[in-house]
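# Structural description and commentary
Spelled out from the first residue to the last, the chains are:
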Amino acid sequence: MPDLLEQLNPEQLAAVTLPRTSALILAGAGSGKTRVLTTRIAWLISTGQASPMGILAVTFTNKAAREMQVRLSAMLTVNTRGMWIGTFHGLCNRFLRAHFRDAGLPQVFQILDTQDQLGLIKRMYKALKVDDERYPARALQYFIAGAKEQGLRPNQVEAFDEHSRRQVELYAAYEDVCQREGAVDFAELLLRSYEVLARNQGLREHYRNRFKYILIDEFQDTNVLQYKWLQLLAGKETSVFAVGDDDQSIYAFRGADVGNMQRFQQDFGPIELIKLEQNYRSHGNILDAANALIKHNLTRLGKNLWTREHQGEPLRVYAAPTDVDEAAFIVDTVKELVESGVNPTQIALLYRSNAQSRVLEHALFNAAMPYRVYGGMRFFERAEVKHALAYLRLLANPDDDGALLRIINFPPRGIGARTLEGLQAQAQAGGASLWHVARANAPAGKAGSSVATFARLIETLRAATTGLPLPEAVEHVIAASGLQAHYGAERDGQERVDNLRELVAAADSFAREAQSGAPSIDETGAPPDALTAFLAHAALEAGDTQAAVGRDALQLMTVHSAKGLEFHTVFVTGLEEGLFPHDNSLNELDGPEEERRLMYVALTRARRRLYLTFAQSRSLHGQFRYNVVSRFLDEIPPALLHWLSAAPANLSAEPPPAWDPDAPAKERSGRTPPSDTGFRIGQNVVHAKFGTGVIVNAEGRGADARVQVNFRNEGLKWLALEFARLEAA
DNA sequence: GTATGGAGCATGTTA
DNA sequence: TGCTCCATAC
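In this report, the structure presented in the accompanying data block is examined.

Rules behind the numbers
Residues numbered from 1 in each chain as written. Chains lettered and ligands numbered in written order. Predicted model: local features only at pLDDT ≥ 70, side-chain atom pairs only at ≥ 80, totals over all residues. Heavy atoms only, no water. Helix = DSSP H or I, 4+ residues; strand = E, 2+ residues; numbered from the N terminus. Buried < 20%, exposed > 50% of the residue type's maximum accessible area, 1.4 Å probe, protein only. Contact = heavy atoms within 4.5 Å. Areas by Shrake-Rupley, 256 points an atom, 1.4 Å probe, with all protein chains shown as cover. Near = heavy atom within 4 Å. Polar contact = N/O pair within 3.5 Å; in protein donor to acceptor, adjacent residues only side chain to side chain. Nonpolar A, V, L, I, M, F, W, Y, C, P; charged D, E, K, R; others polar. Pairing = 2+ DSSP bridges. Right-handed = clockwise from strand over helix to strand, strands pointing away. Axes fitted to C-alpha atoms, helices over the stretch in contact; angles between N-to-C directions. Disulfide = S-S within 2.5 Å. Salt bridge = Lys/Arg side-chain N within 4 Å of Asp/Glu carboxyl O. Core = buried A, V, L, I, M, F, W, Y, C linked by side-chain atoms within 4.5 Å. Phe/Tyr/Trp six-rings, centres within 6.5 Å; stacked < 30°, edge-to-face > 60°. Lys NZ or Arg CZ within 6 Å of the ring centre and 35° of its normal.

A tally of helices and strands in chain A yields 29 helices and 21 strands. For chain A, with 729 residues in total, the buried portion stands at 52%. Sequence-distant contacts in chain A: of pairs separated by 6 or more residues, those separated by 24 or more amount to 74%. Of the roughly 32700 Å² of accessible surface on chain A, 51% is carried by carbon and sulfur atoms.

Summarising the element assignment, serine 509 is placed in helix α23 (residues 494–516). The spatial distance from the C-alpha of serine 509 to the C-alpha of proline 471 is 8.6 Å, given a sequence separation of 38 residues.

As a further point, take the protein's contact with DNA strand B. Neighbouring residues of DNA strand B: 27 residues in total, closest Asn62, Asn354, Asn409, Thr558 and Glu588. Across the atoms of DNA strand B situated within 4 Å of the protein, the share located in sugar and phosphate is 49%. Take glutamate 588: an N or O atom from its side chain is 2.2 Å from a base oxygen of DNA strand B. Residue histidine 621 places a side-chain N or O atom 3.2 Å away from a base nitrogen belonging to DNA strand B. For the surface near DNA strand B, the secondary structure elements donating two or more residues are α25 (559–562) and α26 (583–586). In the surface near DNA strand B, the residues fall into six nonpolar, 15 polar and six charged.

Here the focus is the pairing of strand β3 (residues 84–87). Across four bridges, strand β2 (residues 55–59) lies against β3 in parallel orientation. For threonine 59, the partnering residue across the bridge sits in β3 and is threonine 87. For the crossover from β2 across helix α4 (residues 62–75) to β3, the handedness is right-handed.

This part covers the protein's contact with DNA strand C. The environment of DNA strand C is made up of Arg358, His621 and Gly622. A breakdown of the atoms of DNA strand C within 4 Å of the protein gives sugar and phosphate a share of 38%. Histidine 621 is positioned such that a nitrogen or oxygen atom in its backbone is 3.4 Å from a base nitrogen of DNA strand C. One of the backbone nitrogen or oxygen atoms of glycine 622 is found 3.4 Å away from a sugar or linking oxygen of DNA strand C.

One open sheet accounts for six strands, arranged β3-β2-β6-β7-β1-β8; its pairing is parallel. Bordering the open sheet on either side are β3 and β8 (272–276), each of which pairs with just one other strand. Sheet twist, expressed as the mean angle between neighbouring strand axes with direction ignored, is 15 degrees. On the sheet, helix α3 (residues 33–46) packs against β1 (23–27), β2, β6 (213–216), β7 (239–244) and β8 and is oriented at approximately 160 degrees with respect to β7.

Time to look at the state of the cysteines. In total, this model carries zero disulfides according to the counting rule given. Cysteine 92 forms no disulfide, and the closest cysteine sulfur to it belongs to cysteine 178, at a distance of 16 Å. Here cysteine 92 falls in the buried class, since its relative accessible area comes to 0%. For cysteine 178, a relative accessible area of 7% translates into the label buried.

Here the focus is the pattern of salt bridges. Evaluated as defined, the whole model comprises 39 salt bridges. In this structure, the salt-bridge partner of lysine 33 is glutamate 218, at a minimum N-O distance of 3.2 Å. Of this pair, lysine 33 sits in helix α3 while glutamate 218 sits in the loop between β6 and α11 (224–233), and the two are 185 residues apart along the sequence. A single burial state applies to lysine 33 and to glutamate 218, both of which are buried. By sharing partners, the salt bridges in this structure join Lys148, Arg153, Glu175, Asp185, Glu188, Arg192 and Glu195 into a single network.

Before going further, it helps to spend a moment on the nonpolar core. Grouped together as the largest cluster of nonpolar side chains are 66 residues, with contacts concentrated most on Leu56, Tyr125, Ile214, Ile216, Phe219, Trp229 and Phe264. Broken down by element, the residue count for this core peaks at seven residues, all from helix α8 (residues 162–181). Excluding its chain neighbours within four sequence positions, the residues that come into contact with phenylalanine 219 are Leu24, Tyr227, Leu230, Ala242, Val243, Gly244, Asn260, Met261 and Phe264. If you look at the next biggest cluster of nonpolar residues, it comprises 48 residues, including Leu404, Ile407, Leu434 and Val451.

Another aspect to go through is the packing of aromatic side chains. Aromatic ring pairs are reported here in terms of the distance separating the ring centres and the angle at which the planes meet. Taken as a whole and judged by the stated rule, the model has 20 aromatic pairs. Ring centres 5.9 Å apart and planes at 25 degrees place the aromatic pair tyrosine 207 and phenylalanine 211 in the stacked group. By relative accessible area, tyrosine 207 is classed as buried at 6%. Both rings, one in phenylalanine 380 and one in phenylalanine 534, keep their centres 6.4 Å apart while their planes meet at 75 degrees; by these two values the pair is edge-to-face. Note that phenylalanine 380 is positioned in the loop between β11 (371–373) and α16 (383–396) and phenylalanine 534 in helix α24 (residues 530–540), a separation of 154 residues in sequence. Among the residues examined, phenylalanine 534 registers a relative accessible area of 0% and is labelled buried. Of the aromatic side chains, those joined through ring pairs into one cluster are Trp84, Phe95, Tyr207 and Phe211. Sitting over the face of the ring of phenylalanine 109, arginine 97 holds its NZ or CZ atom 3.6 Å from the ring centroid. Over the ring of tyrosine 251 we find arginine 254, and its NZ or CZ is 3.7 Å from the ring centre.

This is a description of form; function is not addressed.
This is how it looks when you write it as structure tokens:
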């Protein structure tokens, strides 16, 4: 332990060893925030000031919680099992499972993810005949989440006009449905926990006495409800240790309120304020650029990063005539970097919006460079996994109408819309769940209707899985429900079958972890039963996004998802007015400043080398746009910049590079268009996957050339010549 | 139930 | 431009 302290700088040491007061740690990018957080916990425990039981540590993401957990178990020899370390939602889930009666919930309540929630709203719309045009389901979803994140129930939401009054009504109706089905959405986990604590003094006292130390990561991202929850949980004696960076607050759009940092100083005062400004990540020039940029924001708590490292290289700037040229430049540069020994996983291409990844991906694909795009479908969100989970959910909780509707006719078993309407009418009339009605329609032993068959299937599944270990139960359900066979028979179903198998594996490792007593960060480890715990786990930890394309892949992601990461080399791309800063943000309150913080996050991801690129024109949504360089480039001192191309007129005295906006892109970029494709209509060809066929049609030229091939076994297909490796037969 | 086509739409995203 | 959603057709 002492040597852990020795490695800290004076500010870090001060923060780690603060006496038992509340404190706000302003931790700049790369200043060792996680280290301070974990070392403080380790210090508190190893010096005997706190027991593991007395510690509550909250993060936003599972990843952060996991990292904290891992680092802690490396630092401590004592059992960390009693500690409450997890995400806000994970901890609230744990709390509600323990106090489900006080919370007015069934023990097996199900957690709705965003998809499930939207589905529930749409179902409710049908039942109530709500005009989806006037009240889009999406909009209501935001409305509800927004209200809950403010800590507001329907009767507390102020509605001044007809439209919002109706939304409040729908919010109330939504709550009824959730309650009836035993469903809890993400925001509800927090709100419900908050209310239980607020209303139950005994419970509140209990937890206040228990958690003497509360630590919060990424405090700038907390919303109103999370802050109120914290206030309830922290008694007079509690030491609240909040770590955050107002300059990295980039989630106001989803309810985060940086104001919590100022508020904290008043509400929890008097507090200690410590700034961690020494950066261990980047070279000097990178930090200088970031500091200069962020100074343009007026509402800051104030902080200036510095480093003991060298100044390093200047930031390299490249102005491309078009987005295609920008991508080409990046590909060429990355190639050189990799040849010079930089690991591709240490190179990141960042962009403001996901749509920008396409051009980059296209160029990388053509250059046969492995890359990985972050974001997109996560494992537990895939349709086939959702279906399997729905069977399990119905087994765990028969009132879960959402789960039933998802699977009653999947795989198809002849239960159509009409039958369903009948069931729903009956259910509504009797105030019963769909399962209740379905089973009543199908007296045991009586063959006949398709609903009866379904009801018997579920009964059989329930009987067969009762008492089985979790992974075996999951496996049985996947097989006996017909899901496996259904996907197995599908032409492109192999991946889905694999995912179902993967689900069994996930259940297996979940069960093992729970059994081994390894601390589970999502706090579902102490369950009413293994199945319910696993279902909660699936909702709370949606899993990884798509895997890498090849190994040693280049990293592509939005600036938002780059937060918290670092790379040897970073390309910040698309630095154009309208894109970054984004048009839509400019009218928002605090919008431009949030965009600047986003740029600040982007810059501070780089350790050694930073490229800033932009295109003077790009096609977006099928339209060509001519853009002006981002204001953010103007805000970086010119002395830190090294132009790899001529700087545009609005940034320097040099003339912009000569180019003709009307000329085709290929000519402008100086690259020769690919020569003749070498294929003719009527020619016989071979494709690696589709076999032999004949070219029947063609269109486009150069990189866009496509041919239509009539394959012997696969039929007609359009293929892009650039991608499909077609060979003459 | 699936295949097709047209309309509408297009910041960011964790749990 | 390219996708997602829904309605319509078979």
